[in-house]
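Coordinates in review
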Amino acid sequence: MAGVRGVGRKPHPELGQSVTGHHLCHHRHLYQESRRGRVGLTRGKRSADGRMRIGKEADMDRERSGSDDVHGEVERAQHEKPWQRYLEAELGLRHYWYPALFSHELQEGETRPETILGERLFFKRIDGRVYCVEDRCLHRGVPFSVRPECYTKHTLTCWFHGFTYDWRDGKLVEILSEADSALLGKVGLHAYPTFEKHQVIFVWIGDGEPADIREDTQPRFWDEHLVTHPVVRYKIKCNWRVAAENGFDAAHIYGHRHWIGMQQSGRIRPFGTYPSRQDIVQVLTEDGKPKGIVKQDDIHVYARQIEGQEVRVPLWPKDAPAVVQTEPRAGWVGCYLPCGLQVEGFPKPGKVHFEWYVPVDEDHHYYVILHAGYARSEEERQAFYAEAEPLAKLIWQEPGAKPEGFNNFDAFARKWSHHAYAREDWWHRERLFKPDYIITQWRMVVSKHARSIQRRGNCAPMEVDEGLS
Amino acid sequence: MAGVRGVGRKPHPELGQSVTGHHLCHHRHLYQESRRGRVGLTRGKRSADGRMRIGKEADMDRERSGSDDVHGEVERAQHEKPWQRYLEAELGLRHYWYPALFSHELQEGETRPETILGERLFFKRIDGRVYCVEDRCLHRGVPFSVRPECYTKHTLTCWFHGFTYDWRDGKLVEILSEADSALLGKVGLHAYPTFEKHQVIFVWIGDGEPADIREDTQPRFWDEHLVTHPVVRYKIKCNWRVAAENGFDAAHIYGHRHWIGMQQSGRIRPFGTYPSRQDIVQVLTEDGKPKGIVKQDDIHVYARQIEGQEVRVPLWPKDAPAVVQTEPRAGWVGCYLPCGLQVEGFPKPGKVHFEWYVPVDEDHHYYVILHAGYARSEEERQAFYAEAEPLAKLIWQEPGAKPEGFNNFDAFARKWSHHAYAREDWWHRERLFKPDYIITQWRMVVSKHARSIQRRGNCAPMEVDEGLS
Amino acid sequence: MAGVRGVGRKPHPELGQSVTGHHLCHHRHLYQESRRGRVGLTRGKRSADGRMRIGKEADMDRERSGSDDVHGEVERAQHEKPWQRYLEAELGLRHYWYPALFSHELQEGETRPETILGERLFFKRIDGRVYCVEDRCLHRGVPFSVRPECYTKHTLTCWFHGFTYDWRDGKLVEILSEADSALLGKVGLHAYPTFEKHQVIFVWIGDGEPADIREDTQPRFWDEHLVTHPVVRYKIKCNWRVAAENGFDAAHIYGHRHWIGMQQSGRIRPFGTYPSRQDIVQVLTEDGKPKGIVKQDDIHVYARQIEGQEVRVPLWPKDAPAVVQTEPRAGWVGCYLPCGLQVEGFPKPGKVHFEWYVPVDEDHHYYVILHAGYARSEEERQAFYAEAEPLAKLIWQEPGAKPEGFNNFDAFARKWSHHAYAREDWWHRERLFKPDYIITQWRMVVSKHARSIQRRGNCAPMEVDEGLS
Ligand code: FES
Ligand code: FES
Ligand code: FES
Ligand SMILES: [Fe+2]
Ligand SMILES: [Fe+2]
Ligand SMILES: [Fe+2]
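Notes on the structure follow. Because the structure is a prediction, the values reported are computed rather than measured.

Details of the overall build of chain A
- When its secondary structure is counted, chain A shows 8 helices and 25 strands.
- The burial tally for chain A puts 63% of its 469 residues in the buried class.
- In chain A, 63% of the contacts between residues at least 6 apart in sequence involve partners at least 24 apart.
- Accessible surface computed for chain A: about 17,600 Å², of which carbon and sulfur atoms make up 48%.

A few points about the coordination of the iron ion (ligand 5)
All names here are of chain B.
- In this structure, His252 (NE2), His256 (NE2), Asp410 (OD) and Asp410 (OD) serve as the protein donors to the iron ion (ligand 5), at separations of 2.0 to 2.5 Å.
- Here the iron ion (ligand 5) binds 4 donor atoms, and the angle range of 56 to 149° at the metal identifies the geometry as irregular.
- Ordering the donors of the iron ion (ligand 5) by residue number gives the pattern H-x3-H-x153-D. With a gap of 154 residues between them, His256 in the loop between helix H3 (240-248) and helix H4 (260-265) and Asp410 in helix H6 (residues 408-423) connect regions that are remote in the sequence.

Remarks on the coordination of the iron ion (ligand 6)
Residue and element names in this part refer to chain C.
- Those donors, His252 (NE2), His256 (NE2), Asp410 (OD) and Asp410 (OD), are the protein atoms that reach the iron ion (ligand 6), and they lie 2.0 to 2.5 Å from it.
- Between the donor residues of the iron ion (ligand 6), the gaps in sequence give the motif H-x3-H-x153-D. With His252 in the loop between helix H3 (240-248) and helix H4 (260-265) and Asp410 in helix H6 (residues 408-423), the pair connects residues that are 158 residues apart, well separated along the chain.
- Taking the relative accessible area as the measure of exposure, Asp410 reaches 2% and is therefore buried.

A few points about the interface of chain A and chain B
- If you look at the interface, chain A gives 48 residues, while chain B gives 53 residues.
- Summed over the three residues of chain A that lose the most area to chain B, namely Arg140(A), Leu176(A) and Asp180(A), the buried surface amounts to 17% of that side.
- Where chain A meets chain B, there are 8 salt bridges.
- Across the pair Arg168(A) and Glu307(B) runs a salt bridge, and its minimum N-O distance is 3.7 Å.
- One can count 19 residue pairs in polar contact (both at pLDDT 80 or more) joining chain A with chain B.

Overview of the interface of chain C and chain A
- Counting from both sides, the interface comprises 48 residues of chain C and, opposite them, 53 residues of chain A.
- Summing both sides of the interface, chain C and chain A together bury roughly 4,400 Å²; the carbon and sulfur share of this comes to 55%.
- Broken down residue by residue, the surface that chain C buries against chain A is led by Arg140(C), Leu176(C) and Asp180(C), which jointly contribute 17%.
- Across the salt bridge formed by Arg140(C) and Glu245(A), the nearest N and O atoms sit 2.9 Å from each other.
- At the surface where chain C touches chain A, the tally comes to 19 residue pairs in polar contact (both at pLDDT 80 or more).
- Elements with a minimum of two residues in the side of chain C that touches chain A: strand S8 (155-157), strand S9 (163-166) and strand S10 (172-175) of chain C.

Rules of the game
- Residues numbered from 1 in each chain as written.
- Chains lettered and ligands numbered in written order.
- Predicted model: local features only at pLDDT ≥ 70, side-chain atom pairs only at ≥ 80, totals over all residues.
- Heavy atoms only, no water.
- Helix = DSSP H or I, 4+ residues; strand = E, 2+ residues; numbered from the N terminus.
- Buried < 20%, exposed > 50% of the residue type's maximum accessible area, 1.4 Å probe, protein only.
- Contact = heavy atoms within 4.5 Å.
- Areas by Shrake-Rupley, 256 points an atom, 1.4 Å probe, with all protein chains shown as cover.
- Donors = N, O, S within 2.8 Å, 3.2 Å for Na, K, Ca; no water.
- Tetrahedral: all angles 85-135°; square planar, octahedral: opposite > 155°, others 65-115°.
- Buried area = accessible area lost by both parts, 1.4 Å probe.
- Salt bridge = Lys/Arg side-chain N within 4 Å of Asp/Glu carboxyl O.
- Polar contact = N/O pair within 3.5 Å; in protein donor to acceptor, adjacent residues only side chain to side chain.

Shown next, in the form of structure tokens:
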């Protein structure tokens, strides 16, 4: 597992992987490492069942002393904003693979339109394979999808004048209303490469030869014996970057505290949890591997004082310390270009939670959640599927349903975060705090490593009322 | 019938008119005539009942040989875009007559507001005559129409402060809330000239003396013995130019192929039909006459091959040729400035179909359809009216009703064409094909002959939610 | 009552106040006084019951002679537009007190968001006092109000990451998800000063120390023994300036003529009424006092001729003159910065009608109506409240209810006036008339005396569909 920065990783108990290399980052001035701030802190220990046992209370006051590099870095970064390209990436990153649909959303012979990164796409499954072309006739610009016509297996005919295209390469192969058109074979639609795995249909938004999809997906997506269960694909009015930052956000577990799953699991989760040290935030920049950030939270905050009154996580023992510092968590959370998150051990140990924030346009993203686990035999596979449905319900419920799934809060948080960023210049007015350190790192890795920024080109997404008089 | 370009016209069987002149166009480089491409083609013959009898199959491959001037012209034109003024005419052409209402929509004493070319108009019928003024008080800009007050026959009083105008000339004749205002007689509303004929109320959108309305209407509108039946006036979210091009579009008959009227009439219509030669497209530019384009389609496409599989018009005999070239059709389709279409012999021989694409604003037009025929006696008039209602149903049904009328497809096509042109720069990205030759000619005649382009001036159309809190 | 310009004021019968001073305006070129136009006019006399008794018909023709300074001034002003700052005040005047809520809308412990002058505010009542902070977390910009959390009496905690603020000064006092944040005490929300009186909660929109609220409220609001009854707070799609001008509008009583209260009171009101002389329009500019305009209408128009036909106020006696000039009304109507109106003797003698046009954003204002009277004893107070409810119904009814309240017409008029001003450049195209003289004066006093103009800064109002996917 070369290419990670920071401290050596522990092997994953279930998968037997181990960290064997250590990639030296060449832009140290941005991601300077430090061990300061760790000295003298008492840490909790992780027991076999994954629950944290408290040693003794950490004197967290020291944490924000002059030697607090993380806080200082956040202050510096939000002042200097060394993430200019990220600010321009309103519409997403170009030349990447994106999850567009779940496999079950496109049955054999079915067609389906979607807008991704502002581009109008049209999908069809033919003989099991998924094809995708621009959903816009090159003649008069109409969407095929409002009245799709397919005379033969591999062709798509426009309902207006009969321009007929090959799904496989987008080429114009016939025009039903003209005799032997001189245009045949000379022009075509943009055809989008697709890839399907683990019940997810990916599409390449970019020009030229697509990159290796392994570079554009979360690492565990390629784990041996992985089995998956699609949870939801849900459109949210929120820019994809605000969504990604929310997904990866260290401290927003505060907002999740009412989640019924917390009560059910018996695990007591803190108000906030975040990395105290820069060196347990790993910046992934190795060539040929997914780029992104992996963090390990070691600070866990269980109680604070407000107006002299203690505000304490319910059920957190009265005599337990307010703040606990642990060894960096073995369970990882990573955020990967272009827009994917991977959470290990969620919603329970041995599972992997994948999610994506797929840009639709400047104001919307698709929130895509895929639940995964491991199965080495048919029996294990059956067990996985039997458990997947109830676990999926813990993760997501139709908005409005009670009790909510875990990630319903995230959908809520995003839709209410969008306004300030989109319309009140919040990219320049936000006031970040120490737990946002990983977010500043994320912005920088995107700025530095994104292949390309999607520009509002010749595509305009359909509006909700489009096609109505 | 001077002023037409191209081949001589055949007399209209019912009306006995004949083409007597031939107007020489002075911009030959744009509309260069050619007879090439006709040589050696076998043509069908039109029988007495108007149905085409096939001679033998045309070798259409030759049609797109190096000598295909029509295709070349379309390629050249869409590259050079010699129709700049047309591109600027988003809001319509100024200094023209437009059909605003059907007569039955404005009964004696009634008032009615409409927005045309972005201007807010207010109509009233007084003693049978139709008057029209700006629907905007010159004082505080409110629309009269939300609470019209008419104290006397010829006046309109604003509900706000009692400014009182004469419907006939717009002049401010009294103010009920001021004693002997110094403004009386000095200021006034814009008063729009109107004209009513054949159950259509026209309004002059322009300044100064209106043009002769005969110049701004389709020629057969003035035919002797014409009788008419209003079909529909329907607002569509689509720019008027996209609408006009759709109405006049040669090859889009492909999209109409499911029309029930085709099956009922027993006529087999091709997938596409268009003029093969520039000289059967007539550019009307004579002074004092309607300007526009008249086309005669001679190519008819009944079958094509897709992926080696024949796609054939249903009921088209197996042994009949895939493509037929006929004599140019005696029935004419013409598109006229500012925005009118005339189709002879539709929906059946002996009838005339008029339609207009009246600009409302940049994103909407009114689709106005008028069915017409001829009657020389009261008996014939009765016959016309008896037949008009069922024929109107073949032409248009309330959207959603099944089976659809013929022109419902056009409304559908337009609303789905608008997006690319309005928001995706399709005016510069469209890929026209040979049957669009007549559309390139239309754009050029508008660019060259339009009296004026309507500019977004001091009028803004009311939005749907206007006046709601 | 120093600081008024123009003729000396009569004492208010009930309150015994009298005009003791006369402020000399230093910009005489703008507000030049004149007595011309008064000579030789017969005036009505005000009887004890407040109804006007007619003397003899005024020869109003003279009124618009060359010596009509008021008309001339309106013509000049609308040509030169000496109110540039007013034109820029789309979003309201900054550094002023505004009525935000009625007291009963915010019970003890309740929270409530409002948008005023484009700023997102959040109110809470704690121990009877009203506090107000920005409704936007300084961290990620989310509104607190969608999920308010208050752990202790004086604090507000953000639902996202637990940033905790003091309602009293906006300071960040704790962060629940971080251990001992270095940000505590260093940053905070904007905290808005509030003031509550007569069942109205005011908020200071501005920076620095708020002005004395007496300068920003209508003078009678501070009268001894005043008792009040909130009538309505209603959001209208109309810019606040258009609303204020409508409220103060001299001649628009024409539109109110169908009001049932007119019939009930037995008072016959004219079609229009306005000041004939500049010197009965008072421009209030004295330091430390409310700025604004007070007008006294002396011209009353009861009948005009349209197309030779007399249009007469119903019930106005046939032999009574069409136009009556009276002594300037003792009852005053005043319009005060930032956006308040005061009408004495409405809806009946002895009452005071307050209203405000509080800017929400460029396209909306809150119409706030407060009914008031006087009570020196508990008995009089009871009497006031007993009468207030039925009087309030005369003033305002839920839109749609019949018969309408008096001010429902104003809401109607405003919503239909907004379009032309907002989208058709009506600020530069309007055609004012003589009764608008007071409006030109209002515009000038705002332009000259407004402390500051609100600019679209870093706040954007939530849209109706905000937070929906
Ligand atoms: S728009 Fe598709 S074929 Fe014409
Ligand atoms: S707005 Fe029409 S009279 Fe004033
Ligand atoms: S957005 Fe309010 S605490 Fe983070
Ligand atoms: Fe979350
Ligand atoms: Fe059509
Ligand atoms: Fe009013």
